[in-house]
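Overview (structure and organization)
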Amino acid sequence: MQVALKFSPPRSRPLSQRARSRSGWTIWGFAAGLYFVAVFHRMILGVAAFEAERRYHVGDGALSAFTAVQLGVYLAMQVPVGLAADRIGPRRSLATGMAAIAAGEAIFALSGTLGPGLAGRALIGLGDAFVFINVLRVAHTWFEPRRAAVLTALTSLLGALGQLLTTVPAHLA
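Below or above, wherever it landed, is the structure these notes cover. All values reported here derive from a predicted model rather than from experimental measurement.

The subject of this paragraph is the overall build of the protein. The secondary structure content of the protein amounts to eight helices and zero strands. Helices (α) and strands (β) of the protein occur, in sequence order from the N terminus, as α-α-α-α-α-α-α-α. Taking contacts inside the protein between residues at least 6 apart in sequence as the whole, the part at least 24 apart equals 78%. Carbon and sulfur atoms make up 67% of the accessible area of the protein, which totals about 9,400 Å².

Mapped onto the elements of the fold, His140 is located in helix H6 (residues 114–142). In this structure, the C-alpha to C-alpha distance between His140 and Thr152, residues twelve residues apart in sequence, is 8.6 Å. Apart from the residues within four sequence positions on either side, His140 is in contact with Ala148 and Thr152.

Moving on to the packing of helix H2 (residues 22–47) against helix H7 (residues 145–165). Between two packed helices, the angle of one axis relative to the other and the distance separating the axes together describe the packing. Between H2 and H7, the least distance of the axes is 8 Å, while the angle of their chain directions is 35 degrees. Where H2 crosses over H7, the two elements pack in a sense that is right-handed. Taking contact as the criterion, the partners of Trp25, Trp28, Ala32, Tyr35, Phe36, Val39, Phe40 and Met43 in H2 are, on H7, Arg147, Leu151, Leu154, Thr155, Leu158, Gly159, Leu161, Gly162, Gln163 and Leu165. Along the lines of polarity and charge, the residues of the contact of H2 with H7 split into 13 nonpolar, four polar and one charged.

Now for the packing of H6 against H7. Relative to each other, H6 and H7 sit at 155 degrees, their axes nearing to 9 Å. As far as their axial angle goes, H7 and H6 are roughly antiparallel. As for how H6 packs across H7, the hand of that crossing is right-handed. Residues Val135, Leu136, Ala139 and His140 of H6 form the contact with H7, whose participating residues are Ala148, Leu151, Thr152 and Thr155.

Rules behind the numbers
- Throughout, residues of each chain are indexed from 1 in the direction in which the sequence is written.
- A pLDDT threshold of at least 70 governs which residues receive local features in this predicted model, and a stricter bar of 80 or more applies before side-chain atom pairs are shown or counted, although totals over entire chains, interfaces and linings include all residues.
- Excluding hydrogens and water, the side-chain values take into account all heavy atoms of the structure.
- Only DSSP runs of H or I with at least four residues qualify as helices, and only runs of E with at least two residues qualify as strands; both kinds are numbered from the N terminus onward.
- By definition, residues are in contact when any of their heavy atoms lie within 4.5 Å.
- Throughout, the Shrake-Rupley method with a 1.4 Å probe supplies accessible areas, and for residues the shown protein chains are the sole cover considered.
- Lines fitted to C-alpha atoms define the axes, with helix axes restricted to the stretch in contact, and inter-axis angles between N-to-C directions lie between 0 and 180 degrees.
- Handedness of a crossing is defined here by the sense of rotation of the near helix relative to the far one, left-handed for an anticlockwise turn of less than a right angle and right-handed for a clockwise turn.
- Only Asp, Glu, Lys and Arg are considered charged, only Ala, Val, Leu, Ile, Met, Phe, Trp, Tyr, Cys and Pro nonpolar, and every remaining residue, Gly among them, polar.
- An angle below 35 degrees is treated as roughly parallel, one above 145 as roughly antiparallel, one from 65 to 115 as roughly perpendicular, and anything else as oblique.

The following block contains the structure:
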């Protein structure tokens, strides 16, 4: 059985009926789960800092460059990602974001030098920007404005939970 997730709600029904449907909650829950994963990958370097120092043969200052590049790309891409999301829609934007995170993690994991490692972290920041903007877009598209504000807060809470839960598997690995 195949389930197709449509990220744009049917416009034939009024917003209040759409907001009460299970589809809205399913779509937002899936997108928020992707944000949880994105934050998990954003924060994992903080737990694995000692291993990264050894692998890349760098000190604390150079190690902080990984985080600075990732956060800088995330912040710089907020407006361009928002424009891209308007053009290609949340489904493709979320897929693009997750693909960028996966590629960034692969590059970071396979590289042993500073340059490729920074490129990998930059891709993670780019992917994270795509994901966060589109989770909010899904919430504001599928739900009434009064609910969208609560869903924005719940999205942030899931991100914080992803940040917190990063520590256990990263420490064990």
